[in-house]
Amino acid sequence: MPETRPDGTVALPAAAQQRVAGDALLLRGGLWITASVLAIGLVLPLATLFVRAFEDRDGGFAGLENFGRYVTTPTLLAAAGNSLWIAAATTAIVVPVAFFYAYALTRSCMPMQALFRTVMLIPVLAPSLLPALALVYLFGNQGMLKGLLLGHSVYGPIGIVMAQCFYCFPHAAIIMAVALATTDARFYEAAEALRAGRGRIFATVTLPGARYGLVSAAVVVFTLVVTDFGIPKVIGGQFPVLATDVYKQVVGLQDFNMGAVVGLVLLLPAIGAYLLDRWAQGKRAATLSGRAVPYAPRPRRQRDLPLLVFCLGVASVLAGLLGVAAWGSVIRFWPYNLSLTLDNYDFARFDAAGWDSLLVSVRMAGLAAILGTVLIFCTAWLLERGTRPGRLGSILRFAATLPLAVPGLVLGLAFILFFNHPANPLGVLYGTLAILVLNSVVHFYTVAHLTAVTAIRQLDPEFEAASASLKVPAWLTCWRVTVPMCLPAILDIAVYLFVNTMTTVSAVIFLYGPDTKPASVAVVHMDEAGQASAAAAMAVAILGVTLSAKLLQLGTARLVERATQRWRRR
Amino acid sequence: MASGAAPYLVVEEVSKAFGTVMALDGVSLTVAAGEFVSFLGPSGCGKTTLLRAIAGLDPANSGRILQAGRDITALAPAARDFGIVFQSYALFPNLTVAENIAYGLRGPAWPKPRRASRVAELVELVGLTEHVRKFPAQLSGGQQQRVALARALANEPGLLLLDEPLSALDAIVRLHLRQEIRTLQQRLGVTTIMVTHDQEEALGVSDRVVVMNHGRIAQIGRPEDIYRRPANPFVAGFVGRSATFIAWVEAAEGLLQAGQDGWRIAADAARGMPRGTRVEVFIRPEDVRLTRPGEGGAGSFPVTVRHWEFLGPVCRLTLAAGPQRQLEADLPPDAAHALGAMPGAALAAEVPPERVLVFAADA
């Protein structure tokens with residue numbers, strides 16, 4: 001308690017005043033740390049990339065010369081066109097399939113919904129190379145189902161689209177499931193009360209309610225396809241697309257300036273998609289009121305049975321492709337000697353790094369998960385609750401959503417250009433684990449950030465005010481209340497960062513050093529060297545790690561809940 | 001309640017803008033030690049903003065706030081001396097009742113045994129002794145409210161701030177808890193400010209009420225003064241129920257004329273106003289006396305019953321006094337039956353001149 005002075009006024013102990021000022025300083029300091037991470041890992045590299053697109057090989061100003069060379073080189077333009085139509089084709093296939101799959105999960109009484117939900121998520125855990133390798137097994141030159149392609153080669157657009165469908169399906173299905181799950185049952189009751197038929201209800205209530213979800217899903221799929229590198233690398237054959245062009249310009253031709261130009265071109269659809277998606281998100285949020293009554297479907301055989309058959313089909317394709325890759329990885333010599341062996345897992349025979357690259361990946365993903373989660377969650381909390389962030393806060397809020405618009409390949413290229421610049425003292429980081437971790441955290445920042453923000457916003461906005469009135473510093477309340485309450489979301493963020501860092505190829509392919517080659521890059525190298533079985537084996541090994549991480553999360557979920565979520569029980 | 005001693009809390013010309021909106025516009029008031037003051041007003045009137053400025057949660061843009069002689073205007077909330085109960089209670093859901101109450105009892109001043117005994121004292125004070133190990137979600141709304149109150153009082157703050165503390169509760173619990181809060185406040189003698197939009201609540205428990213509108217103070221006074229002697233049309237219309245119409249001051253002392261039909265009513269408040277002044281008139285339903293036609297006094301006028309509403313202890317009658325004028329009258333159901341006050345009935349009405357509220361209308 002403050003003491004009373006002789007003149008009747010009351011003085012707060014000086015120590016308490018200092019403590020208050022110290023807290024504010026600590027909180028602001030936290031934001032500056034994030035600001036510098038995002039500056040070094042996002043803003044400065046992208047700025048360098050931008051500048052390099054306007055320079056010649058010797059660093060002189062070249063104006064629009066590089067761009068001129070780009071539009072007058074037919075192969076480069078063709079690649080851009082290819083990327084667009086491949087992405088459009090994949091979107092046209094994946095979005096309707098994802099819609100009906102999600103519809104079956106959320107709007108029907110189809111049995112085994114939990115199982116279908118799990119199967120739907122499996123492709124997220126696998127590197128995008130895995131379906132491509134499985135398709136090579138099935139439809140490649142020695143493929144057992146090659147005849148089904150009627151003489152067309154799988155190496156090219158057909159293979160790319162098939163593999164992309166597998167890779168993009170869960171992303172679209174998750175978005176659609178969320179969009180379809182958050183509906184208001186009262187619309188359906190009103191439509192029924194007005195005697196609308198089933199078809200009319202579907203056309204006038206269900207589809208309009210999901211339209212922004214459809215836009216989001218289409219945008220996400222389109223961007224994933226345009227920016228993905230692994231699939232066209234493995235199964236694209238001689239078919240050029242934007243992503244492989246960047247790689248070819250930089251790694252093959254060592255033409256960094258043209259690489260930067262292609263990178264900027266690659267950035268265009270991604271930024272357009274990002275803006276479109278934000279627009280759709282805003283519209284979608286506006287259509288939902290806080291008092292919506294959740295929709296509970298009633299069983300109806302004529303709807304449930306066809307949906308079950310449909311989902312079984314989709315799920316078996318997803319599981320089948322994984323199964324083929326796993327099976328192929330233990331086959332002695334495809335397709336001539338189908339006896340089983342573990343020889344393909346003796347990676348040292350195919351690649352100098354051997355099993356070490358998997359260890360590098362695990363260390364990289366583990367560090368990205370731990371450091372990234374701490375950084376991202378603390379930043380989200382500081383922005384939402386910690387202090388009055390002011391202008392720095394608005395800048396950070398915007399910067400945190402930016403990585404979603406930057407394809408991994410562009411970010412990776414921007415990293416080399418920035419860190420390899422002779423004048424950059426941070427150049428020593430090049431090729432180290434540190435740069436891989438930094439790159440991964442920045443690359444996957446946005447989704448993790450949004451997860452954290454959503455979790456924090458669900459808490460009572462007066463927690464910090466209440467703790468201030470009780471003279472408890474805000475960071476202590478964060479530790480005692482916010483973190484325990486958000487623990488499920490925090491684990492989600494950590495696993496998300498871990499899984500994505502394990503499976504990503506595009507960003508890290510430019511950044512690894514002799515001792516830090518990640519497993520996903522090893523897959524690409526072994527495939528390039530014609531060792532498809534070893535590549536599949538490594539991809540399966542990655543899947544094994546990510547699957548274990550996910551299972552560990554599910555396994556500990558109950559433990560975590562018992563420890564920190566006891567208060568939820570009434 | 002206010003005595004000659006220096007006031008405990010002084011708010012001087014405090015202003016606060018959110019963008020271009022003036023949430024507080026030069027607000028000044030004082031609160032005596034041990035006083036219970038309510039901030040009352042419609043939503044958006046600035047009452048919560050003023051409370052948060054006093055707490056330091058949303059500091060004022062200009063002006064000065066003094067608490068116990070100390071200038072606290074620029075201090076962070078943690079450096080001030082107050083406890084607060086939020087509308088949502090902001091109880092920490094993952095901590096038990098005891099942990100919530102003990103949350104602010106930390107540091108060397110609060111060794112474990114002292115902490116435990118203080119918590120025991122507080123749970124007893126609010127009557128939650130058997131619930132100390134429960135989590136907030138396992139308690140009823142009223143019990144959660146008491147936990148929030150105990151937590152706010154734990155550190156023996158000099159000032160207790162209540163931000164719509166009862167609005168999340170149902171009617172019966174509200175009534176009970178507001179009496180409990182008042183009793184507790186009087187027992188502890190803690191200076192208390194409560195924000196509310198419920199006038200019955202404000203009038204019922206406060207020593208003084210601060211009525212606010214558009215970021216300014218409309219009136220400060222004891223509950224009875226606010227109700228019986230509103231300072232302006234806003235307070236007259238906001239606090240309590242009333243029928244209102246426009247009238248003009250007549251030549252004769254204290255007589256008002258309304259409408260083209262020459263309808264007149266006597267009002268003490270109109271004495272001394274120049275002839276022809278345009279005024280707003282407010283008449284409260286409980287001030288209208290009804291009699292059978294022809295049985296009323298000199299100032300009575302004929303009315304027709306338009307509508308009647310049964311409210312339990314009273315009936316509320318809607319009366320037509322002339323073609324465009326409506327009054328309301330409250331009277332016990334038995335008396336209404338005795339008068340035959342059914343829709344369509346013709347009666348005589350009378351309003352005591354000292355009860356008619358009159359304000360000069362602008363222009």
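Residues numbered from 1 in each chain as written. Chains lettered and ligands numbered in written order. Predicted model: local features only at pLDDT ≥ 70, side-chain atom pairs only at ≥ 80, totals over all residues. Heavy atoms only, no water.

A look at the overall build of chain B
Stated precisely, the cut-off is as follows: For helices the rule is a DSSP run of H or I covering at least 4 residues; for strands it is a run of E covering at least 2, with both sets numbered from the N terminus onward. The classification of residues rests on relative accessible area computed with a 1.4 Å probe and restricted to protein chains. Under 20% of the type maximum is buried, over 50% is exposed, and intermediate values are partly exposed. Whether two residues touch is decided by their heavy atoms; if any such pair falls within 4.5 Å, the residues are in contact. Areas reported here follow the Shrake-Rupley algorithm with a probe of radius 1.4 Å; residue values treat only the protein chains shown as occluding. For the purpose of charge, His is not counted, nor are the chain termini; Lys and Arg are scored as positive and Asp and Glu as negative. The atom standing in for a charge is NZ when the residue is Lys, CZ when it is Arg, CG when it is Asp and CD when it is Glu.
Counting its secondary structure elements, chain B contains nine helices and 20 strands. Expressed along its principal axes, the backbone C-alpha trace of chain B runs to roughly 80 × 45 × 40 Å. Within chain B, the fraction of its 363 residues that count as buried is 53%. The contacts in chain B between residues at least 6 apart in sequence include a share of 66% that link residues at least 24 apart. Of the accessible surface of chain B, which amounts to about 15,800 Å², a share of 53% is contributed by carbon and sulfur atoms. Looking at chain B, you have 36 positive and 37 negative side-chain charges, and the mean spots of the two groups are 5 Å apart.

Things to note about the overall build of chain A
As a reminder, the rule being used: We compute the radius of gyration from the C-alpha atoms alone; for a globule the expected value is 2.2 Å times N to the 0.38, where N is the number of residues.
Per the secondary structure count, chain A includes 21 helices and four strands. Relative to a compact globule of 570 residues, whose C-alpha radius of gyration would be 25 Å, chain A shows 26 Å and is just as compact. Across its three principal axes, chain A shows a C-alpha extent of roughly 100 × 70 × 50 Å. When the 570 residues of chain A are sorted by exposure, 54% land in the buried category. In chain A, 77% of the contacts between residues at least 6 apart in sequence involve partners at least 24 apart. Within the structure as shown, chain A displays about 25,500 Å² of accessible surface, and the carbon and sulfur contribution to it stands at 66%. Taken as two groups, the 42 positive and 28 negative side-chain charges of chain A have centres that lie 12 Å from each other.

Here we look at the side chain of Arg-303 of chain A
All names here are of chain A. Quick note on the threshold: What qualifies as a polar contact is a pair of N or O atoms within 3.5 Å, subject to a donor-acceptor requirement within protein and to the restriction that residues adjacent in sequence count only when both atoms come from side chains.
Within the fold, Arg-303 resides in helix α12 (residues 301-329). Take Arg-303: its relative accessible area is 13%, and that puts it in the buried class. Of the polar contacts made by the side chain of Arg-303, one reaches the backbone oxygen of Arg-298; its length is 2.6 Å. Excluding residues that lie within four positions of it along the chain, Arg-303 makes contacts with Tyr-103, Arg-107, Ser-108, Cys-109, Pro-297 and Arg-298.

Some words on helix α19 (residues 474-503) of chain A
All names here are of chain A. Counted only if it meets this: Multiplying 1.5 Å by the residue count of a helix minus one yields the expected span of that helix. Bend is the name given here to the angle between axes fitted to two runs of seven residues, the run ending at a residue and the run starting at it.
Between its first and last C-alpha, α19 extends only 37 Å over 30 residues, short of the 44 Å set by a 1.5 Å rise per residue. Along α19, the helix axis deviates most sharply at Leu-487, where the bend reaches about 65°; the proline Pro-488 sits within four residues downstream. Of all 30 residues in α19, 22 are buried, a share of seventy percent or more.

Some thoughts on the nonpolar core
For clarity, the threshold we go by: As used here, the term nonpolar core means buried Ala, Val, Leu, Ile, Met, Phe, Trp, Tyr and Cys residues forming a set that is joined through side-chain atoms within 4.5 Å. What fixes the domain bounds is an automatic or database domain assignment.
Core analysis: the largest hydrophobic core is formed by 215 residues, its most contacted members being Phe-510 of chain A together with Ile-54 of chain B. Among the domains, domain 1 (13-51 + 352-570) and domain 2 (65-328) of chain A are the pair contributing at least three residues each to this core. Excluding residues that lie within four positions of it along the chain, Ile-54 of chain B makes contacts with Leu-9, Val-11, Phe-39, Ile-65, Ile-72, Arg-80, Leu-159, Leu-161 and Ile-193 of chain B. If you look at the next biggest cluster of nonpolar residues, it comprises 34 residues, including Leu-331, Ala-336, Ala-341 and Ala-349 of chain B.

Looking at the sheet that holds strand β1 (residues 9-18) of chain B
Either a parallel or an antiparallel arrangement is found when strands of a sheet pair, and the pairing is made through backbone hydrogen bonds. Residue and element names in this part refer to chain B. Short version of the rule: Strands pair, by our definition, only if DSSP identifies at least two bridges between them.
Pairing within the open sheet is antiparallel, and its four strands lie in the order β2-β1-β4-β5. One side of each edge strand has no neighbouring strand; the edge strands of this open sheet are β2 (21-31) and β5 (70-71). Both β1 and β2 contribute to a ladder of seven bridges, which runs antiparallel. Counted as the bridge partner of Ala-17 is Met-22 from β2.

A short note on the sheet that holds strand β12 (residues 255-258) of chain B
All names here are of chain B. Under the convention used in this document: Every angle, taken between N-to-C directions, lies between 0 and 180 degrees, and every axis is a line fitted to C-alpha atoms, over only the stretch in contact when it is a helix.
With antiparallel pairing, five strands are arranged side by side in an open sheet as β13-β12-β11-β14-β20. Each edge of the open sheet carries a strand with a single partner, namely β13 (263-266) and β20 (357-360). For this sheet, the mean angle separating the axes of adjacent strands, direction not counted, is 40°. Here β12 pairs with β13 via four bridges, running antiparallel. From the neighbouring strand, Leu-256 faces β13, where its bridge partner is Ile-265.

Thoughts on the pattern of salt bridges
All names here are of chain B. As a reminder, the rule being used: We define a salt bridge as a contact between a side-chain nitrogen of Lys or Arg and a carboxyl oxygen of Asp or Glu at a distance within 4 Å.
This structure, assessed with the given rule, holds 31 salt bridges over all chains. A salt bridge links Lys-47 to Glu-164; its shortest N-O distance comes to 3.9 Å. Separated by 117 residues along the polypeptide, Lys-47 in helix α1 (residues 47-55) and Glu-164 in the loop between β7 (159-163) and α5 (171-188) bring together distant segments of the chain. As far as burial versus exposure is concerned, Lys-47 and Glu-164 are alike and both buried. Here Arg-178 makes a salt bridge to Glu-200, at a shortest N to O gap of 3.7 Å.

Topic: the interface of chain A and chain B
We count it as follows: Summed over both partners, the accessible area (1.4 Å probe) lost when two parts come together is defined as the buried area. Residues are sorted three ways: Asp, Glu, Lys and Arg are charged, Ala, Val, Leu, Ile, Met, Phe, Trp, Tyr, Cys and Pro are nonpolar, and all the rest, Gly among them, are polar.
The partner chain B presents 35 residues to the 30 residues of chain A that form the contact. Both sides together, the interface formed by chain A and chain B hides about 3,000 Å², and carbon and sulfur atoms give 61% of it. If you look at where chain A meets chain B, you find one salt bridge. Between Arg-52 of chain B and Glu-462 of chain A there is a salt bridge, and its shortest N-O distance comes to 3.1 Å. Listed by contribution, the elements that provide at least two residues to the side of chain A that touches chain B are α1 (14-52), α18 (463-469) and α19 of chain A. Looking at the side of chain A that touches chain B residue by residue, the class counts come to 16 nonpolar, six polar and eight charged.

So, the packing of aromatic side chains
Short version of the rule: Only Phe, Tyr and Trp rings take part, Trp by its six-membered ring, and two of them pair if their centres are within 6.5 Å. Stacked means planes under 30 degrees apart, edge-to-face means over 60, and tilted covers everything else. By definition, being over a ring means that NZ of Lys or CZ of Arg is both within 6 Å of the ring centre and within 35 degrees of the ring normal.
Taken as a whole and judged by the stated rule, the model has 22 aromatic pairs over all chains. Ring geometry for Phe-92 of chain B against Tyr-103 of chain B: centres 4.4 Å apart, planes inclined by 45°, an arrangement best described as tilted. With a gap of 11 residues between them, Phe-92 of chain B in the loop between β6 (83-85) and α2 (97-101) and Tyr-103 of chain B in the loop between α2 and α3 (112-125) connect regions that are remote in the sequence. What makes Phe-92 of chain B buried here is its relative accessible area of 0%. Members of the aromatic cluster, joined through ring pairs, are Phe-99, Phe-100, Tyr-103, Phe-202 and Phe-310 of chain A. Across from the ring centre of Phe-82 of chain B, 5.8 Å away, lies the NZ or CZ of Lys-471 of chain A, which sits over that ring.

A word on the pairing of β12 of chain B
Of the two faces of β12 of chain B, only the one carrying Leu-256 and Ala-258 of chain B is buried; Leu-255 and Gln-257 of chain B on the other face are not. In textbook terms, the turn of a hairpin is the stretch between consecutive antiparallel strands, and for β12 of chain B and β13 of chain B this stretch comprises four residues, one of which, Gly-259 of chain B, has a positive phi near 70°.

Considerations on the packing of helix α15 (residues 408-419) of chain A against helix α16 (residues 433-443) of chain A
Residue and element names in this part refer to chain A. The following threshold applies: Angular relationships are summarised with four words: roughly parallel below 35 degrees, roughly antiparallel beyond 145, roughly perpendicular across 65 to 115, and oblique for the angles in between. Two helices cross in a left-handed way if the nearer one is turned anticlockwise from the farther one by less than a right angle. They cross in a right-handed way if the turn is clockwise.
Following both chains from N to C, one finds α15 and α16 inclined at 140°, their axes separated by 11 Å at the closest point. In terms of their interaxial angle, α15 and α16 are classed as oblique. Crossing handedness for the pair α15 and α16: right-handed. In contact with Gly-408, Leu-411, Gly-412, Phe-415 and Phe-419 of α15, α16 contributes Ile-435, Leu-438, Asn-439, Val-442 and His-443.

Overview of unusual backbone geometry
Even without being a glycine, Lys-471 of chain A presents a positive backbone phi close to 65°. With respect to the helices and strands, the residue Lys-471 of chain A is situated in the loop between α18 and α19. For Glu-164 of chain B, which is not glycine, the phi dihedral falls at a positive 45°. Among the residues examined, Glu-164 of chain B registers a relative accessible area of 8% and is labelled buried.

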